[in-house]
Amino acid sequence: MPAISSLGLYWLIDCMEDFQAHVDKKDLYWQIVAAISAPVTAAQKSGKPVTVMLDDFDAAASLYESSLGDAHGLVSLFRESIRSSLCPHVMTGSAGALDKIFADHSLIGSTEQMRLGPLPEDVAAELFGAHLANLKIAPPPAGEAKFLSVLKGNPLYIRNLAKAAWKMGKKALQEKDLIECYSFDVTDGETAFYWSSVLSRHTKTPEERRAALKMLMHALEKGGLEDSGRLSLLSGFGRAETGVILAAMQASGIVRDRDEVLRDFIRCLHMREIEGRDAGYARQKIETAYLSQSEEERFELVIPMSSNAELVVAKAVEQIGKNRNLDDEFLNYLQLALIEVCINAMEHSGSYEKKVFLTFITRPDKLEIIAENAGRPFSPEGRKEIPVEEKLRMGMKRGWGFKLIYAIMDDVKVERVNDRTRVIMKKNLTDKEESQ
Amino acid sequence: MKPAQFSVTSKLLGDAAVIYPKGYLNNLSGESLVNECGIYIGRGITKIVVNFRETDLINSIGISLLLQIMEDLRNIKGTICCTNMSKFLQDTFEMLGLLQHMVVFPGESDAIDYLKARTT
């Protein structure tokens, strides 16, 4: 108090006494009002602007007095303070959920939305370095921080990873340590806590939480949440209830396509809460996946759906194989499988885009090739295999493509992702190197 | 693999036609192969040797057109022999169950000898 009076901040004492009076009367409503208006009072009395930062503002939709759901529309209490020109408010939260809140009549016209993009790579690395410096941890040397790209420049994840390193007692970091800290963060760290809270906030019962988790895992594996019948089976709830859970998840912002950190969190949580695994198991799975990825190379190629374009792909896989010193004959088979997958896309998709997107991922023990194209759905499962003898008698002699692909590759998966057909082919590379 | 521009050449050796497909055997080149064989079949030739020594790569459409030639020959009780096939090509035909429907020889002369012996 002496410091406050010496600075002439008597209004602050009034503020605190005012708040205390509401506490003494156990008047929760006016406590909230006093807390929300305190920054505006500070700005008005001091004549200096006060910026208010409200993180996860979507949670304001479920503000309550003494128990959840006992008061509605408390978000409108922010109306006056938001409108104060001396007191700009910066509110953050998931876009879907904020849309709903900002549609509240009390806030309409008082807010402006900005979508935050990821931090550029160099800024993200600087921010991570600054967090580490505060925690007295030596940053990873140049070339050992490639893993940070998984965080896609998200400041929350960057801060949480630094905190995970601190919690794990790290004094210095190499690439391997980063992966170890990351696996901790998405399993038991602050990122796990954050997303787990979001999930809890948007599901009312443990059963709903499990259902939501199963659906999230399904979305992650299948690339979407379109099939309501299948989702209902998966969730164990009726279609209508499943729809409500799904809508809540979508509003919460937990359904995202390109957030690898969130995907890893979902994988870990699924392992623990649905499969009954322990945290150590989940962490090890995540670490193993990233350690093997750190040794991978990725090539991307887009070809037009035109005559002989598949030969460009064949040439590309030949060079990729040569870089890995793979046997020539083995490469011939890979080329054939790739040619077939391209021809299939060109002939069956009817795509207006007329492009095939290919990704080659090489790991020490495996080659993964992903071919993707827009257009008509394709599934090799429904195709009947016709014996050669019969083909010799019939006019139609085609239909060998996927037979060859299945025979050549070790693992083939065909899936539909939105309007695209994706073929994922894997081939083990052990013992396929050319003998010197 | 260095896929050359596809071409088909051929020659007549006695009563057998020897066909040389060169390059990448796909839909367009497969059609030329079918046409080339068709010319000989039209002239009453029932013995055809396909020498694959210069065939770099084949796709499933090329294979289906080869099946067309096999059917055309079967209809006239003819014979098709395949020679100079790389291990890759032979294995590919094997995967599809085609090998039991053709006669395969390591070299062209082996095929010609076989066909001559069938005449006598």
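Only a predicted model underlies this, so the values are computations on that prediction, with no experimental measurement involved.

(A) Representation of the overall build of chain A. Tallying secondary structure elements over chain A gives 18 helices and seven strands in all. Residues counted as buried form 42% of the 436 residues belonging to chain A. A separation of at least 24 residues holds for 67% of the contacts in chain A among residues at least 6 apart in sequence. Summed over all atoms, the accessible surface of chain A reaches about 23,500 Å², with 53% contributed by carbon and sulfur.

(B) Main features of the environment of H348 of chain A. Among the structural elements, H348 of chain A can be located in helix α16 (residues 328–348). Separated by 30 residues in the primary sequence, H348 of chain A and F378 of chain A place their C-alpha atoms 7.4 Å from one another.

(C) Quick look at the environment of A309 of chain A. Residue and element names in this part refer to chain A. With respect to the secondary-structure elements, A309 resides in helix α15 (residues 309–323). Residue classification places A309 among the buried positions, given a relative accessible area of 6%. Taking the C-alpha atoms as reference points, A309 and I343, separated by 34 residues in sequence, lie 9.2 Å from one another. In this view, A309 contacts I303, P304 and M346; residues no more than four positions away in its chain are not counted.

(D) Expanded view of the interface of chain B and chain A. Contact residues are listed per partner, giving 26 residues for chain B and 30 residues for chain A. Both sides of the chain B and chain A interface together cover about 2,500 Å² of buried area, and 66% of this is carbon and sulfur. For the pair chain B and chain A, the number of links is one salt bridge. Across the salt bridge formed by K87 of chain B and E329 of chain A, the nearest N and O atoms sit 3.5 Å from each other. There are five residue pairs in polar contact (both at pLDDT 80 or more) connecting chain B and chain A. Breaking the side of chain B that touches chain A down by element, the ones donating at least two residues are β4 (55–58), α2 (60–75) and α3 (87–95) of chain B.

(E) Spatial organisation of the sheet that holds strand β3 (residues 297–304) of chain A. Residues and elements named next belong to chain A. One open sheet holds the five strands; their spatial order is β3-β4-β5-β7-β6, and the pairing between them is antiparallel. Strands with a single pairing partner mark the edges of an open sheet, and in this sheet they are β3 and β6 (411–417). The mean angle between the axes of side-by-side strands here comes to 15°, regardless of whether they run parallel or antiparallel. Relative to strand β4 (residues 355–362), β3 is paired through eight bridges, and the arrangement is antiparallel. Among the inter-strand pairings, P304 is bridged to a residue of β4, identified as K355. The sheet contacts of α16 involve β3, β4, β5 (366–374) and β7 (420–428), and relative to β7 the element is tilted by about 170°.

(F) Layout of helix α13 (residues 260–273) of chain A. Residues and elements named next belong to chain A. Between the first and last C-alpha of α13 there are 20 Å, a value that for 14 residues agrees with the 20 Å anticipated at 1.5 Å per step. Taking burial as the measure, the 14 residues of α13 include 10 buried ones, the bulk of the element. Among the residues of α13, V261, L262, R263, D264, F265, I266, C268, L269, H270 and M271 are the ones counted as buried. Summarising the contacts, the buried residues of α13 are in contact with α7 (155–167), α8 (175–187), α9 (190–201), α10 (206–222) and α14 (279–293). Between the side-chain oxygen of the N-cap and the backbone nitrogen of V261 there are 3.2 Å, and the N-cap of α13 in question is D259.

(G) Region of interest: the side chain of K47 of chain B. Residue placement: K47 of chain B occurs in strand β3 (residues 47–51). Looking at K47 of chain B, its side chain comes within polar contact range of the side chain of D15 of chain B, at 2.7 Å.

(H) Fine view of the environment of V123 of chain A. Relative to the helices and strands, V123 of chain A resides in helix α6 (residues 121–134). When the C-alpha atoms of V123 of chain A and G153 of chain A are compared, they prove to be 8.1 Å apart, with 30 residues separating the residues in sequence.

(I) Quick peek at the packing of α10 of chain A against α13 of chain A. Residues and elements named next belong to chain A. Contact geometry for α10 and α13: axes closest at 10 Å, N-to-C directions at 130°. Relative to α13, the element α10 is oriented oblique. At the point where α10 passes α13, the crossing takes the left-handed sense. Residues R209, R210, L213, K214, L216, M217 and L220 of α10 form the contact with α13, whose own contacting residues are R263, I266, R267, L269, H270 and E273. By residue class, the composition of the contact of α10 with α13 is six nonpolar, one polar and six charged.

(J) Structural context of the nonpolar core. L358 of chain A together with F93 of chain B are the most contacted members of the largest nonpolar core, which has 74 residues in total. At 12 residues, the largest contribution of residues to this core is made by α16 of chain A. The contacts of L358 of chain A, once residues within four sequence positions are left out, are F299, E300, L301, I303, V313, L338, C342, I369, I370 and A371 of chain A. Membership of the second largest hydrophobic core comes to 49 residues, among which are F184, L225, I245 and L269 of chain A.

(K) Local environment of the confidence of the model for chain B. Overall, the predicted model of chain B reaches an average pLDDT of 88, with 94% of residues at or above 70. In the model output, the complex is listed with pTM 0.57 alongside ipTM 0.88.

(L) Inspection of unusual backbone geometry at higher detail. Residues and elements named next belong to chain A. Positioned with a positive phi, N308 is a non-glycine residue whose angle comes to about 70°. Looking at where N308 falls in the secondary structure, it is placed in the loop between β3 and α15. For K354, which is not a glycine, the phi torsion comes out positive at approximately 55°. Tracing the backbone through its elements, the reader meets K354 in the loop between α16 and β4.

(M) Geometry of the pattern of salt bridges. Residues and elements named next belong to chain A. For the structure shown, the criterion picks out 21 salt bridges over all chains. Linking E372 and R422 is a salt bridge whose minimum nitrogen-to-oxygen distance equals 2.8 Å. Here R422 lies in strand β7 and E372 lies in strand β5, a separation of 50 residues in the sequence. Judged by relative accessible area, E372 falls into the buried class, the value being 17%. Here the salt bridges share partners, and the residues they tie into one network are E260, R263, D264 and R267.

About the criteria used
- Starting from 1, residues in each chain are numbered consecutively following that chain's sequence as written.
- Working convention: letters from A go to chains and numbers from 1 go to ligands, in the order in which they are written.
- Local features in a predicted model are, by the rule used here, given only for residues with pLDDT of at least 70; side-chain atom pairs are given and counted only at 80 or more, and totals for whole chains, interfaces and linings are based on all residues.
- Based on all heavy atoms of the structure, the side-chain values leave hydrogens and waters out of the count.
- Per the convention used, a helix needs a DSSP run of H or I reaching at least four residues, while a strand needs a run of E reaching at least two, with both numbered from the N terminus.
- To sort residues, take the accessible area from a 1.4 Å probe on protein chains only and compare it with the maximum for the residue type: under 20% means buried, over 50% means exposed, and anything in between is partly exposed.
- Residues count as neighbours in contact if any of their non-hydrogen atoms are within 4.5 Å of one another.
- All accessibility values rest on the Shrake-Rupley procedure with a 1.4 Å probe; residue burial counts only the protein chains present in the view.
- Once two parts are joined, some of their accessible surface, as seen by a 1.4 Å probe, is lost; buried area is that loss totalled over both.
- Salt bridge, as applied in this entry: a Lys or Arg side-chain nitrogen positioned within 4 Å of an Asp or Glu carboxyl oxygen.
- Any pair of nitrogen or oxygen atoms within 3.5 Å is treated as a polar contact; in protein, a donor-acceptor pairing is required on top of that, and neighbouring residues in sequence qualify only through side-chain atoms on both sides.
- Any two strands between which DSSP finds at least two bridges are classified as paired.
- Axis definition: a line fitted to C-alpha atoms, over the contacting stretch in the case of helices. Angles run 0 to 180 degrees between N-to-C directions.
- To estimate how far a helix should reach, multiply one less than its number of residues by 1.5 Å.
- Note on angle classes: values under 35 degrees are labelled roughly parallel, values over 145 roughly antiparallel, values of 65 to 115 roughly perpendicular, and the remainder oblique.
- Crossings are sorted by hand: turned counterclockwise from the far helix by less than a right angle, the near helix makes the crossing left-handed, and turned clockwise it makes it right-handed.
- Under the scheme applied, nonpolar residues are Ala, Val, Leu, Ile, Met, Phe, Trp, Tyr, Cys and Pro; charged residues are Asp, Glu, Lys and Arg; polar residues are all the others, including Gly.
- Among buried residues, the Ala, Val, Leu, Ile, Met, Phe, Trp, Tyr and Cys ones that are joined through side-chain atoms within 4.5 Å form a nonpolar core.
- Looking at any residue, its pLDDT shows the predictor's confidence there, from 0 to 100.

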